[in-house]
Amino acid sequence: MLKILKYSIYDLLRSRWSYVYFIFYLALGFVLLFLNNDMNKAVITLMNIIIVLTPLIGTIFGVMYYYNSKEFTELLLAQPIKRSKIFMGQYLGISLSLTLSLVLGLGIPFLLYGLFRSAAIFDFSLLILVGSFLNFIFVALAYNIALSTENKIKGFGYAILIWLFLAVIYDGLFMISLMTFNEYPLDKFSLVATMFNPIDLSRILILLKLDISALLGYTGAVFKDFFGTTKGAFLSFLVLCLWVILPLLRIKMKLRKKDF
Amino acid sequence: MIEIKNLHKKFGKLIVLDGLDLTINPEGSEGGIFAILGPNGSGKTTLIKCLLGMVIPNKGEISIDGTSVLKKWEYRNNLNYLPQIANFPPNLTVIELLKMVKNLRPKASNEQELIDLFSLYPFLKKKLGNLSGGTKQKVNLVLTFMFDSELIILDEPTTGLDPIALIHLKELIQQEKAKGKTILITTHIMSFVDEMADEIVFLLDGKIYFKGSVAQLKEQTNQSNLEHAIANLMTKQHA
Amino acid sequence: MRIFFIIFVFFNFSAYATSIEVCATCPIKTIKEATAIAKDGDTIFVKKGVYLETKIDVSKAIHIIGIDNPIIDGENKQESIFAVKADDFSISGFHFKNVGMSYTKEIAAVFISHSTNFIVKNNKMDNVFYGFILQRAKYGILKNNIIIGHAIDETSSGNGVHIWKCKNLRIEENTITGMRDGIYLEFVDKSSVSNNTSEDNIRYGLHYMFSNNCKYNNNEFKHNGAGVAVMYSKFIKMHHNTFHYNWGTASYGLLLKEINDADIYDNIFEQNTIGINIDGCNRINYKNNHFIRNGWALKFTGGCYTNIFEFNNFLHNAFDLSYNSKLNDNKFEANYWSEYTGYDIDKNGIGDVPFRPVKLFSYVVNKTPETLVLLRSLFVDIINFSEKVSPVFTPDNLMDEKPLMKPINPLE
């Protein structure tokens, strides 16, 4: 698996898209810091971008890589390697190279602007951590889609759809149900609903660190009580891990029966 | 020795292999060149992919040298495969790809000879994405023939090759055969079959419809030309 | 005639010029003794040392001055240290300590009632139940006192400065921290609160009720449990104050409840959960205020009429404005809104498209507060944008017709 990982990273690190992605984050970081020089504010703006963009890029990139390297994958499949190792290697390759673009792209400008001397370092680290998680989660989802869909166009369609669902539609349904069941206590429901969507979970984790919980009133207190404790933080990262592990398990299941 | 028993494969509702039985090189016999032929959609590629473990059969058994290979992967170390479409990671160079595949199969290889043979030196440092189809196919051939394995599977090996390369390919196949290897080839080029194949395996509707030497086939169909003989096989079926 | 003159001079001398010294080695060893023998106009100098005294009655026009900050330790007894009921007095330079807590009595370091024309300054108070309690006093000054409490909860703690039914007071340059309310005023008229710092108090930095014609200016209110509350008062001026870091589920920079005819200008509201919570307030002019990075800059919770907001800066608040009804009788004009994305073709510094400070999400949150968990999600951005393009839910006449392109008097 490490061999496959090595070569897919090798391949991806030379791909134009990795650079475009890297340069995008680099430019974004510099522009944000240049515009207001306030690291805290830059972190908030970055959050808005990261929780929407990393899932989108992750899914698109994952699906694209799968379909583009289909024939090469077939070549690998004829080599004496276990199937799951090939795909895990590729999966890790994409996720890591995307994460590398994110970490370096944002890390460099923030370091140059004195991140280590700033109090924003924890928020920034959390942001990067959550962004990386989102990369791993959405590439895994993309691989699930691609493995289940032979048709490339359909695959792309589903990928966009799953992103759209988790980034937008889910929140819409969430809001509508909150408004409909106005009379009932909704904090537990909100908590659970947040857990079921990695984008929402990431957003809440960062928002609470930026201490917006005060705005949330009672629900905020419930959230803060939950996420603020070590147990809550542990649990939410566990959920994020599950969001990586469950799709990966499905990939493994799928691979057992998949014909190439 | 390859032994395939009662192999079934469906893709959705489409039955591709329907209780296929095939034995290649029964115990004791020397290697040889086997051409797997059949009309489009007859299950050639599926059969090969089953053998490679890329397609998982619904039912049946495949064994090589007496051991089952289904759901295993180690046996592929003794198997070389030339895929139909030579599509490689575009950002790797030829030499990196060779290194990588060597890395994946820790066994002796003679890529240097093959690179000489196909005059690939000028391309070694080029990215695979920038190579022409023919050159890619040559790289593909190098990857296939550089290892010393008992079983060699070639899926449309002649695609995109110039005449010189084609001659080299034929030489290579003969050399391997001389070493006692078993070589499975699918192709649509009948002259190639006529020239190379020791035996023909003809697939139709997911079953082996004919298995025997070229001479036997010609005899059975009363045709002196292989192309016609094959055509005859197909029309007979349809008649 | 001459004898009369001598008698007159002597009388003067004895009546106005006596000074009494108090110290451990002096003939008079306690402040209580000194106040007992002092006559109107006398000055008592208390030298450095620790005096374990409570219930020191001051009922004459005397000046009590601590030299080198003598300590008066109340030993946590349930009694005030100074109980004053006098005119024309002053107390200064003391360090009060350990005034006991009581659930039934009002106990303060300095308790002043029915007094006129006084000044209490340059004192330090540490671990006191109440710092000052003033009742029915007028024309007094509390200046440059430092009050430090260790309040844990509201029921067992007192206020730094607690004023009830007073008139014409000036509360200046005091620092109050760790009390229940920093400064509490009830039924206080024509008074001013200025240049004070009130921070880390567990309830309000300043709590103001039924007090008309007062002004407070140049104060800093920071990190108080619930911010500053001004209620049921008329004709108030509030300016050049800073309200910041009042951050918590029920906190605001400033709570205005039933305030009429006030002027609020040149204040800074920074990083409060709610900048100003406005409940049933009419005819208030808001001008030149800065609202920076609050959860809500302005939150209206009751019927508010004819308020005018002009030349204010709204910078990076999660919500600039939250409105409880569609009805709008308030004027927003010529403010700077950092969220404004319009343009200014004629370069007159005024945006050519009006700005709508109420977002759809803010409306939704008003109806269902729990939806706030969706803050900063893409979905919310999308619905806000669609509402901006064609308003359906938000009051369509609530807008700033002349949004400024640049902030006014930007802070550095």
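Conventions and cut-offs
- Residues numbered from 1 in each chain as written.
- Chains lettered and ligands numbered in written order.
- Predicted model: local features only at pLDDT ≥ 70, side-chain atom pairs only at ≥ 80, totals over all residues.
- Heavy atoms only, no water.
- Contact = heavy atoms within 4.5 Å.
- Buried area = accessible area lost by both parts, 1.4 Å probe.
- Salt bridge = Lys/Arg side-chain N within 4 Å of Asp/Glu carboxyl O.
- Disulfide = S-S within 2.5 Å.
- Buried < 20%, exposed > 50% of the residue type's maximum accessible area, 1.4 Å probe, protein only.
- Helix = DSSP H or I, 4+ residues; strand = E, 2+ residues; numbered from the N terminus.
- Expected span 1.5 Å × (residues − 1).
- Arc of directions from axis to C-beta.
- Patch = residues over 30% accessible without salt bridge, like charges linked within 9 Å, V, L, I, M, F, W, Y side chains within 5 Å.
- Areas by Shrake-Rupley, 256 points an atom, 1.4 Å probe, with all protein chains shown as cover.
- Pairing = 2+ DSSP bridges.
- Axes fitted to C-alpha atoms, helices over the stretch in contact; angles between N-to-C directions.
- Phe/Tyr/Trp six-rings, centres within 6.5 Å; stacked < 30°, edge-to-face > 60°.
- Lys NZ or Arg CZ within 6 Å of the ring centre and 35° of its normal.
- Polar contact = N/O pair within 3.5 Å; in protein donor to acceptor, adjacent residues only side chain to side chain.
- pLDDT = per-residue confidence, 0-100.
- Lys, Arg positive; Asp, Glu negative; His and termini not counted.
- Charge placed at Lys NZ, Arg CZ, Asp CG, Glu CD.
- Core = buried A, V, L, I, M, F, W, Y, C linked by side-chain atoms within 4.5 Å.

This brings us to the interface of chain A and chain B. At the junction of the two partners, chain A supplies 26 residues and chain B supplies 33 residues. When chain A packs against chain B, close to 2700 Å² is buried across both sides, 60% of that on carbon and sulfur atoms. It is A:Tyr7, A:Phe72 and A:Pro80 that lose the most area in chain A upon contact with chain B, and together they represent 23% of the buried surface on that side. Our count for the contact surface shared by chain A and chain B stands at 1 salt bridge.

All names here are of chain C. Counted by the stated rule, this structure contains 1 disulfide over all chains. In this model Cys23 forms its disulfide with Cys26; the gap between the sulfur atoms is 1.9 Å. Across the disulfide from Cys23 to Cys26, rotation about the S-S bond amounts to roughly 100°, and the bridge is consequently right-handed. In this structure, Cys23 and Cys26 share a single accessibility class: buried. Here Cys214 stays unpaired: no disulfide links it, and the sulfur of Cys166, its closest cysteine neighbor, is 11 Å away. By relative accessible area, Cys214 is classed as buried at 2%.

Let us now look at the side chain of C:Thr371. Within the secondary structure, C:Thr371 sits in the loop between α3 (360–367) and α4 (378–389). Setting aside anything within four residues of it in sequence, one finds C:Thr371 in contact with A:Met175, A:Leu178, A:Met179, C:Phe361, C:Val364 and C:Val365.

Take unusual backbone geometry next. Residues and elements named next belong to chain C. Phi is positive for Lys165, close to 50°, though the residue is something other than glycine. Position of Lys165 among the secondary structure elements: in strand β16 (residues 161–167). You will see that Phe235, though not glycine, has its phi angle at about 50°, which is positive. In this fold, Phe235 is placed in the loop between β25 (227–234) and β26 (237–239).

All names here are of chain A. Helix length check: helix α2 (residues 16–36) (21 residues) gives 30 Å between terminal C-alpha atoms against 30 Å at 1.5 Å per residue, within 8%. Here α2 has its buried residues at Ser18, Tyr21, Phe22, Tyr25, Leu28, Gly29, Leu32 and Leu33. Taken around the axis of α2, the buried residues stretch over an arc of 125°, which confines them to a single face. Turned more than 90 degrees away from the buried face of α2 sit Arg16, Phe34 and Leu35, all of them exposed.

On to the environment of C:Pro369. The topology assignment puts C:Pro369 in the loop between α3 and α4. Each C-alpha atom, one on C:Pro369 and one on C:Asn313, is 26 Å from the other, the two residues being 56 residues apart in sequence.

All names here are of chain A. A cluster of nonpolar side chains, Phe234, Leu235, Leu238, Leu242, Ile245, Leu246 and Leu249, forms an exposed patch at the surface whose accessible area comes to about 650 Å². Along the chain, Leu242 turns up in helix α11 (residues 230–257). With a relative accessible area of 39%, Leu242 lands in the partly exposed category.

So, about the sheet that holds strand β10 (residues 207–213) of chain B. Whether parallel or antiparallel, the strands of a sheet pair through hydrogen bonds between backbone atoms. Residues and elements named next belong to chain B. Pairing in this open sheet of 6 strands is mixed, and the strands run β6-β7-β8-β3-β9-β10 from one edge to the other. Two strands close off the open sheet at either side, each with one partner strand: β6 (79–82) and β10. Each adjacent strand pair in this sheet contributes to an overall mean axis angle of 15°, direction not counted.

What follows concerns the sheet that holds strand β2 (residues 14–24) of chain B. Spatial strand order, β2-β1-β4-β5 (chain B): 4 strands in an open sheet with antiparallel pairing. Each edge of the open sheet carries a strand with a single partner, namely β2 and β5 (67–68) of chain B.

Residue and element names in this part refer to chain C. Counting across every chain of the model gives 40 aromatic pairs over all chains. Between Phe94 and Phe96, the ring centres sit 6.0 Å apart and the planes meet at 45°, which makes this aromatic pair tilted. Take Phe94: its relative accessible area is 0%, and that puts it in the buried class. Here the guanidinium or amino end of Lys165 rests over the ring plane of Phe187, the centre of that ring lying 5.7 Å away.

All names here are of chain B. With 6 of 6 residues buried, strand β3 (residues 32–37) lies mostly within the body of the structure. Sheet analysis places β3 next to strand β8 (residues 182–186), joined by 5 bridges and oriented parallel. Of the residues in β8, the one forming a bridge with Gly32 is Thr182. Note: β3 against strand β9 (residues 199–204), 4 bridges, orientation parallel. Counted as the bridge partner of Phe34 is Glu199 from β9.

The next thing to look at is the side chain of B:Lys9. Locating B:Lys9 in the fold gives a position in strand β1 (residues 2–11). Separated by 2.6 Å, the side chains of B:Lys9 and A:Asp259 make a polar contact. In this view, B:Lys9 contacts A:Asp259, B:Leu14, B:Ile15, B:Val16, B:Leu17, B:Thr46, B:Val55, B:Ile56, B:Pro57 and B:Asn58; residues no more than four positions away in its chain are not counted.

Fine structural detail should not be taken from predicted coordinates in areas where pLDDT scores are low. Confidence along chain A averages 86 in pLDDT terms, with 96% of residues attaining 70 or more. Mean pLDDT across the elements of chain A bottoms out in helix α10 (residues 217–228) of chain A (70) and peaks in helix α7 (residues 152–180) of chain A (93).

Take a positive patch on the surface next. A cluster of basic residues, A:Lys3, A:Lys6, A:Lys82, A:Lys85, A:Lys252, A:Arg256, A:Lys257, B:Lys71, B:Lys99 and B:Lys125, forms a positive patch at the surface. Elements represented by at least two residues in the positive patch include exactly α1 (2–13) and α11 of chain A. Of all the elements, α11(A) adds the most residues to the positive patch, at 3 residues. Its place among the elements puts A:Lys85 in helix α5 (residues 83–112). Assessed through its relative accessible area of 36%, A:Lys85 is described here as partly exposed.

Below, the discussion takes up the nonpolar core. The biggest cluster of nonpolar side chains holds 177 residues, and the ones touching the most others in it are A:Phe227 and B:Ile173. If one sorts the elements of this core by residue count, helix α6 (residues 121–148) of chain A sits on top with 19 residues. The contact partners of B:Ile173, leaving out residues within four places of it in the chain, are B:Ile33, B:Phe145, B:Leu154, B:Ile183, B:Ile185, B:Phe192 and B:Met196. Grouped together as the second largest cluster of nonpolar side chains are 90 residues, C:Cys23, C:Ile64, C:Ile91 and C:Cys281 included.

Okay, the pattern of salt bridges next. Applying the stated rule across the entire model yields 24 salt bridges over all chains. Residues A:Arg203 and A:Asp200 are paired through a salt bridge, measuring 2.9 Å at the closest nitrogen-oxygen approach. Linking A:Arg203 with A:Asp200, this pair stays in helix α9 (residues 198–209), spanning 3 residues, or about one helical turn. Just as A:Arg203 is buried, A:Asp200 falls in that class too. With a closest N to O distance of 3.4 Å, B:Lys179 and B:Glu176 form a salt bridge. A residue is classified by how much of its surface remains accessible, and B:Lys179, at 53% relative accessible area, is exposed. Linked through salt bridges whose partners overlap, the residues forming this network are B:Asp148, B:Glu176, B:Lys179 and B:Lys181.

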